[in-house]
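These are the residues of each chain, in order.
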Amino acid sequence: MDLSDLRHLAIIMDGNGRWAKSRGWRRTRGHRAGVDSVRNCVTECARAGLPWLTLYALSTENYRARPATEVRTLMALLRRFMIDERPTLMENRVRLETAGRLDELPDKVVRTIRETEAMTAGNSGMTLCLALNYGGRSELADAAKEIARSVKSGKLDLEAVDEAALAARLYQPKMPDVDLLIRTAGEVRISNFLLWQVSYAEIWVTETCWPDFRKPQLEAAVTAFRRRSRRFGGLLPEETK
Ligand code: IPE
Ligand code: IPE
Ligand code: MG
């Protein structure tokens, strides 16, 4: 599989709870199984030459609205992942980044994330961006606040506020626009994910729940993506005739 022609693949990893419930297990068991899918997906994408992968791991709404026990499990799994995956990330030259309001997460978890970010910062392969306590609306609100601050202090001229000025103040200013957005577990919605960056993303939804997501599902999504004609508001050459 060659993914070097894509710039940015983003995935809404949904359905862990349903996957577990349908087997008569607790939801948290689904999250545990989901970690295996993350490892598998990251490795496949890195080896296929993908430049940038963003995984939606926790939304601002998840963090606020899920039961405390589930959030605790997710935090523990996240911290374990940050430690256990270091050799795999290094081996595949993956650079770890995050997007979201990390300052609201437990200190211990954030420290571990920062250590993994620092350890992988020099890697020249794929960027893996984990969206953690992430909300598209929070990201835009935070960027708007930054702009207001710069204008107020005189560092930015009001007339210079444009799309580029806003994009430069997002959580990951270097994040490319999303080419392909995959959502697992069948829901056809964005759920507050990368609202700015998905403007012209191709969307592909699979019924497969995240714990069952493997190379065949990834290949199916990419094959469908390659058949799409992306117009970006314009016309294809044959349409202008
Ligand atoms: C996605 O699975 C993982 C997170 C949101 C953390 P869910 O936990 O949303 O699983 P479902 O949608 O309830 O099946
Ligand atoms: C989106 O899934 C968030 C993540 C996958 C991290 P949700 O399960 O939170 O989305 P809704 O609630 O079904 O829209
Ligand atoms: Mg869900």
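For the structure itself, consult the block above.
Thresholds applied
Residues numbered from 1 in each chain as written. Chains lettered and ligands numbered in written order. Predicted model: local features only at pLDDT ≥ 70, side-chain atom pairs only at ≥ 80, totals over all residues. Heavy atoms only, no water. Axes fitted to C-alpha atoms, helices over the stretch in contact; angles between N-to-C directions. Helix = DSSP H or I, 4+ residues; strand = E, 2+ residues; numbered from the N terminus. Parallel < 35°, antiparallel > 145°, perpendicular 65-115°, else oblique. Left-handed = near helix turned anticlockwise from the far one by under 90°. Contact = heavy atoms within 4.5 Å. Nonpolar A, V, L, I, M, F, W, Y, C, P; charged D, E, K, R; others polar. Near = heavy atom within 4 Å. Polar contact = N/O pair within 3.5 Å; in protein donor to acceptor, adjacent residues only side chain to side chain. Areas by Shrake-Rupley, 256 points an atom, 1.4 Å probe, with all protein chains shown as cover.

(A) Just the packing of helix H2 (residues 27-47) against helix H4 (residues 68-84), in detail. Between H2 and H4, the shortest axis-to-axis distance is 10 Å and the interhelical angle comes to 25°. With respect to H4, the element H2 is oriented roughly parallel. Judged by the sense of rotation from one axis to the other, the crossing of H2 with H4 is right-handed. Where H2 approaches H4, its residues Arg 27, Thr 28, His 31, Arg 32, Val 35 and Val 38 are matched on the opposing element by Glu 70, Thr 73, Leu 74, Leu 77 and Phe 81. Residue composition of the contact of H2 with H4, by class: five nonpolar, three polar and three charged.

(B) Structural detail: the site of ligand 1. Near ligand 1 there are 13 residues, and of these Asp 14, Gly 17, Arg 18, Arg 27 and Arg 66 occur at the shortest range. In this structure, an oxygen atom belonging to ligand 1 sits 2.8 Å away from a side-chain N or O atom of Asp 14. Gly 15 places a polar main-chain atom, nitrogen or oxygen, 3.4 Å from an oxygen atom of ligand 1. Within the complex, the protein chains bury 87% of what would otherwise be the 370 Å² of accessible surface of ligand 1. Elements that contribute at least two residues to the shell around ligand 1 include exactly helix H1 (16-21), H2 and H4. Tallying contributions element by element places H1 first for the shell around ligand 1, with three residues. Residues of the shell around ligand 1, tallied by class, amount to three nonpolar, five polar and five charged.

(C) Seen up close, the site of ligand 2. Lining the immediate environment of ligand 2, one finds Ile 12, Met 13, Asp 14, Tyr 56, Ala 57, Leu 58, Asn 62, Arg 66, Arg 183, Arg 189 and Ser 191. Between ligand 2 and Arg 66 there is a distance of 3.4 Å, counted from an oxygen atom to a side-chain nitrogen or oxygen. Bound to the protein, ligand 2 loses 79% of the 390 Å² it would expose on its own. Of the residues that constitute the shell around ligand 2, the class distribution is five nonpolar, two polar and four charged.

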